[in-house]
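So the chains spell out like this:
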Amino acid sequence: MTGKRERGLIELYRDDPERADAVVFGRRTGIERRGFLKGAGLGAMAAAVGGAIPFAANMPAGLIPAALAQGAPAATPPAAAPAAAAPAAPKPLQMTGKAEILVLQERPLNAETPQHLLDDDVTPTAKYFIRNNGLPPDALGAPASWRVTVDGEVNTPLTLTVAELQQRFTPVTMKLQMECGGNGRSFFTPEARGNQWGNGAAGCAEWTGVRLRDVLAAAGVKASAVYTGHFGADKNLAGTDAQVISRGVRLAKAMDEDTLLAFRMNGEALPNIHGGPVRLIVPGWPGSASQKWLTRIWLRDKEHDGTGMTGFSYRTMKTPIPPGGTAAEADTQILESMPVRSIITSPAHGARLPANTRQLALRGAAWAGDKTVQAVHVSTDFGTTWTATQLAAPANRHAWQRWTANVTLPSAGYFEVWSRATDQDGKMQPHAAGNWNPQGYGGNPINRVAVLVA
Ligand SMILES: Nc1nc2c(c(=O)[nH]1)N[C@H]1C(S)=C(S)[C@@H](COP(=O)(O)O)O[C@H]1N2
Ligand SMILES: [Mo]
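Residues numbered from 1 in each chain as written. Chains lettered and ligands numbered in written order. Predicted model: local features only at pLDDT ≥ 70, side-chain atom pairs only at ≥ 80, totals over all residues. Heavy atoms only, no water.

**A look at the site of ligand 1**
Then comes step 1: The environment of ligand 1 is formed by 19 residues, the closest being Phe129, Asn133, Asp234, Arg279 and Lys292.
Then comes step 2: Contact distances for ligand 1 include 3.0 Å between a nitrogen atom and a backbone N or O atom of serine 290.
Then comes step 3: Burial of ligand 1 by the protein chains amounts to 100% of its free accessible area of 530 Å².
Then comes step 4: Spatially, ligand 1 is embedded in the largest cavity. (Near = heavy atom within 4 Å. Polar contact = N/O pair within 3.5 Å; in protein donor to acceptor, adjacent residues only side chain to side chain. Areas by Shrake-Rupley, 256 points an atom, 1.4 Å probe, with all protein chains shown as cover. 1 Å grid on protein atoms, 1.4 Å probe; cavity = no way out; pocket = protein on both sides within 12 Å on 5 of 7 lines; lining within 4 Å. Sits in = over half its atoms within 2 Å of the grid points.)

Right, here's the structure in full:
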């Protein structure tokens, strides 16, 4: 041991933002902030973020400037994040048919879409995030002869090929949002276990498939059925027979008319990387319920207990615990409908705009699990004033909603654009990821992107 490790600015901000503020900007308490921001402290902060901060007086003490914060990967490296403290930039994906989304993990492959690439009304397949828990099956055979079994609490177990699914049931096409249960995990402090997703483990593609409820009805759902268990053909990293992931949903969600066995994505055959020949799409619930390379649906007479259903997987705390504290499984609940979230898709985080820019056109998306979003508000002055955006209705239930707004900036400088969605019940995104849980689910703080007008 050679004494204390130097801590980077970003780590320090993550672990103790008040102290980081004091170290970096030379103030010890929020009360002193105003004074410091008039003098040397303001200069230090401006240098750190790359420009004067017109709304500096509104910045809450301990707020990590978005330009320096971890979480949302920047389009271009933020102006002046100190090189020594900057996290290793995720590498762009190199895969035929895919855009350069950001690889968080190579094996299994996990890649997220930078927010500014989620700017389309319907997320193109090329830009759609990838979340694998294991290795995709390699020998797929003819897609039409891929088989899916429905068994368990049914009158007549069925095994159907994809061709039979397509012939026997009425195909539907819908725009459905889906996001990983761990989307937003990187916003938790202290860090929660797992891939450190920003907001880009999400998308709204156009899916074509048949309704799971039609298939279940054909098999005849017994009165004893209460839950599904999903199985896929991917292989685990250890090379054993254990299911990579096997989650399920309560019967009511399986019977929702928007829960699909999908075989087309954005008008084309479902690509292998997204679960082709056939996968589940369970919109609005943690993406892990949307089994890829689907081989079996087991109707069960009790809650499913497959891989990813127990422990702290896809569970949040029933009663909040101190962030970083010890959790008891008995005090957790299965995460179902995802919480409300908005993202800013233009401008990109880290955008540099011409010095004379005063009008800013903002665009984004918002969604709220099984619910609709009633409003999205934006702020460019650290949350002192908020403006309602023009929020479009969803194209269909479970589609995300696009929003636009025009805001005026008072001068050149460093700004943060904040967006905050409110769901149909009045629930809003919190200022910081709340209800900390060991594996970091449901982190949905207000979205912040840094913009430099200089
Ligand atoms: N068979 C199988 N299905 C799976 C997974 C997996 O690892 N194996 N990952 C799940 C998780 S956690 C998510 S978020 C979504 C991601 O779907 P995508 O890779 O098409 O974006 O697939 C789900 N379905
Ligand atoms: Mo996920």
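**Focus: empty space enclosed by the protein**
Then comes step 1: Enumeration over the complete set of coordinates arrives at six cavities of 30 Å³ or more.
Then comes step 2: One number sums up the size of the largest cavity: a volume of about 250 Å³.
Then comes step 3: Taken together, 18 residues line the largest cavity, and the ones lying closest to its centre are Arg131, Arg279, Gly287, Ser290 and Lys292.
Then comes step 4: Within the lining of the largest cavity, the residues separate by chemical class into seven nonpolar, seven polar and four charged.
Then comes step 5: When its volume is computed, the second largest cavity comes out at roughly 70 Å³.
Then comes step 6: For the lining of the second largest cavity, the class distribution of residues is six nonpolar, five polar and three charged. (Points joined across faces, edges and corners; volume = space filled by probe spheres on them. Nonpolar A, V, L, I, M, F, W, Y, C, P; charged D, E, K, R; others polar.)

**Overview of the side chain of arginine 300**
Then comes step 1: Within the element layout of this structure, arginine 300 appears in strand β13 (residues 294–300).
Then comes step 2: For arginine 300, the side chain forms a polar contact with the side chain of aspartate 305, separated by 2.6 Å.
Then comes step 3: Ignoring sequence-local partners within four residues, the contact set of arginine 300 consists of Glu153, Ser224, Ala225, Val226, Tyr227, Gly229 and Asp305. (Helix = DSSP H or I, 4+ residues; strand = E, 2+ residues; numbered from the N terminus. Contact = heavy atoms within 4.5 Å.)

**Topic: the nonpolar core**
Then comes step 1: Membership of the largest hydrophobic core comes to 30 residues, with the highest contact counts inside it found for Leu165, Leu261 and Val278.
Then comes step 2: Of all the secondary structure elements, the ones that give two or more residues to this core are β5 (147–152), β6 (158–161), α5 (162–168), α6 (212–219), α7 (251–254), β10 (260–265) and β13.
Then comes step 3: A per-element tally of this core places α6 first, with four residues.
Then comes step 4: Ranked by size, the runner-up nonpolar core spans 20 residues in total, among them Ala368, Val373, Ala421 and Val451. (Core = buried A, V, L, I, M, F, W, Y, C linked by side-chain atoms within 4.5 Å. Buried < 20%, exposed > 50% of the residue type's maximum accessible area, 1.4 Å probe, protein only.)

**Regarding the packing of aromatic side chains**
Then comes step 1: Evaluation of the coordinates by the stated rule reveals nine aromatic pairs.
Then comes step 2: Judged by centre distance (5.8 Å) and plane angle (85°), the rings of tyrosine 128 and tryptophan 207 are edge-to-face. Here tyrosine 128, found in the loop between β3 (110–112) and β4 (130–131), pairs with tryptophan 207, found in strand β8 (residues 202–211); they are 79 residues apart in sequence, far enough to count as distant.
Then comes step 3: According to the relative accessible area criterion, tyrosine 128 is buried, its value standing at 1%.
Then comes step 4: Residue tryptophan 207 is classed as buried on the basis of its relative accessible area of 0%.
Then comes step 5: An aromatic cluster is present here, built from Tyr128, Phe129, Trp197 and Trp207 joined pairwise through their rings.
Then comes step 6: Between the NZ or CZ atom of arginine 296 and the centre of the ring of phenylalanine 231, over which it lies, the distance is 4.9 Å.
Then comes step 7: If you follow arginine 300 out to its NZ or CZ, it ends over the ring of tryptophan 298, 3.8 Å from the centre. (Phe/Tyr/Trp six-rings, centres within 6.5 Å; stacked < 30°, edge-to-face > 60°. Lys NZ or Arg CZ within 6 Å of the ring centre and 35° of its normal.)

**Things to note about the layout of surface pockets**
Then comes step 1: There is about 500 Å³ of room inside the second largest pocket.
Then comes step 2: Lining the second largest pocket are 22 residues; nearest its centre among them are Leu335, Ser337, Met338, Pro339 and Lys427.
Then comes step 3: Its residues assigned to classes, the lining of the second largest pocket shows nine nonpolar, eight polar and five charged.
Then comes step 4: Looking at the lining of the second largest pocket, you find at least three residues from each of domain 2 (125–334) and domain 3 (341–453). (Domains from an automatic or database assignment.)

**What to know about the sheet that holds strand β16 (residues 341–346)**
Then comes step 1: Read across the sheet, four strands follow the order β16-β18-β22-β21 without closing on themselves; strand pairing throughout is antiparallel. Unpaired on one side and paired on the other, β16 and β21 (390–391) mark the two borders of the sheet.
Then comes step 2: The pairing of β16 with strand β18 (residues 359–367) spans five bridges and is classified as antiparallel. If you follow serine 346 over to β18, its bridge partner there is arginine 363. (Pairing = 2+ DSSP bridges.)

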